[in-house]
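Listed below are the residues making up each chain.
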Amino acid sequence: IKVIIPLHTCRKYIDFSPQLSYICRTLVNKDHGMVRKILYGMLRYWPKIDSIKEEAIIDEISYIVKDLIVHPQFQWDDNRDILRLIIDKFVECGKTLHHGIVTKLLCIFADQQFMQLLGLDQSGLIHQKIMNCLEDLKDNKKFKEEAQDIIKNITENE
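Residues numbered from 1 in each chain as written. Predicted model: local features only at pLDDT ≥ 70, side-chain atom pairs only at ≥ 80, totals over all residues. Heavy atoms only, no water.

## What about helix 5 (residues 99-110)?
Line of reasoning, step 1. Along its twelve residues, helix 5 runs 16 Å from first to last C-alpha, staying within 8% of the 16 Å computed at 1.5 Å per residue.
Line of reasoning, step 2. If you check which residues of helix 5 are buried, you get G100, I101, V102, L105, L106, I108 and F109.
Line of reasoning, step 3. Where helix 5 is buried, its residues meet helix 3 (51-70), helix 4 (76-94), helix 7 (125-138) and helix 8 (144-156). (Helix = DSSP H or I, 4+ residues; strand = E, 2+ residues; numbered from the N terminus. Expected span 1.5 Å × (residues − 1). Buried < 20%, exposed > 50% of the residue type's maximum accessible area, 1.4 Å probe, protein only. Contact = heavy atoms within 4.5 Å.)

In structure tokens form, the structure reads like this:
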């Protein structure tokens, strides 16, 4: 972990991000206890100005989260804090209005497997944060239609 996570900060991260993502996902599947360390590390090294790198990390985190929630040893209470931090980061990214990042987030929010988080979080915090983000995106002409479709889908599945 001490070697893998800092690799997310390299300038050439995009060149090897699929391989790094595969390694992280494999580690999570083999040792479920590493998931929080990996995800906290990725959030710690979040890119601040490189939107292409940010898109790649959003993609990688979403795959890890999807693998996590279908893992047989998954426990909501053990992972609640990191999953809420991830949603907070995704919502923050949605406010940037960078087309590639927002499009990636909309795809994630539309994904049925990822949206299992809404049912797991009994407090409703994740649901509220995602819905607020989608409502904000609905006000933007570029994302209005897609955000409305996702809101409709989420409300129908409640």
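Now that the structure has been shown, we can carry on.
## A short note on helix 4
Line of reasoning, step 1. The largest bend in helix 4 comes to about 30°, at I82.
Line of reasoning, step 2. W76, N79, I82, L83, R84, I86, I87, K89, F90, V91, C93 and G94 are the residues of helix 4 that are buried.
Line of reasoning, step 3. Where helix 4 is buried, its residues touch helix 2 (35-44), helix 3, helix 5, helix 6 (116-120) and helix 7. (Bend = angle between axes of the 7 residues up to and from the residue.)

## Describing the environment of G124
Line of reasoning, step 1. Tracing the chain through its elements places G124 in the loop between helix 6 and helix 7.
Line of reasoning, step 2. Along the chain, G124 and K48 lie 76 residues apart, while their C-alpha atoms are 29 Å from each other.

## Topic: the packing of helix 4 against helix 7
Line of reasoning, step 1. Remark: helix 4 packs on helix 7, axes separated minimally by 10 Å, with the N-to-C direction vectors making an angle of 10°. In this view, helix 4 runs roughly parallel relative to helix 7, as classed from their interaxial angle. Side by side, helix 4 and helix 7 meet where W76, R84, I87, D88, V91 and G94 of the first sit next to L125, I126, K129, I130, C133 and L137 of the second.
Line of reasoning, step 2. A breakdown of the residues in the contact of helix 4 with helix 7 according to their chemical character gives eight nonpolar, one polar and three charged. (Axes fitted to C-alpha atoms, helices over the stretch in contact; angles between N-to-C directions. Parallel < 35°, antiparallel > 145°, perpendicular 65-115°, else oblique. Nonpolar A, V, L, I, M, F, W, Y, C, P; charged D, E, K, R; others polar.)

## Quick notes on the pattern of salt bridges
Line of reasoning, step 1. In this structure the tally under the stated criterion is eight salt bridges.
Line of reasoning, step 2. Taking the shortest distance from any N to any O, the salt bridge between D121 and R84 comes out at 2.6 Å. One end of the pair, D121, is in the loop between helix 6 and helix 7; the other, R84, is in helix 4, and 37 residues separate them in sequence. Of the two residues, D121 and R84, neither departs from the other in class, the shared state being buried.
Line of reasoning, step 3. Between K89 and E92 there is a salt bridge, and its shortest N-O distance comes to 3.6 Å. Of this pair, K89 and E92 both sit in helix 4, three residues apart, roughly one helical turn.
Line of reasoning, step 4. With a relative accessible area of 47%, E92 lands in the partly exposed category. (Salt bridge = Lys/Arg side-chain N within 4 Å of Asp/Glu carboxyl O.)

## Focus on the nonpolar core
Line of reasoning, step 1. Counting residues in each nonpolar core, the largest one holds 51 residues, and the members touching the most others are I61, F90, F109 and L134.
Line of reasoning, step 2. The set of elements that each furnish at least two residues to this core consists of helix 1 (13-30), helix 2, helix 3, helix 4, helix 5, helix 6, helix 7 and helix 8.
Line of reasoning, step 3. Setting aside anything within four residues of it in sequence, one finds F90 in contact with W46, I58, I61, S62, L105, I108, F109 and F114. (Core = buried A, V, L, I, M, F, W, Y, C linked by side-chain atoms within 4.5 Å.)

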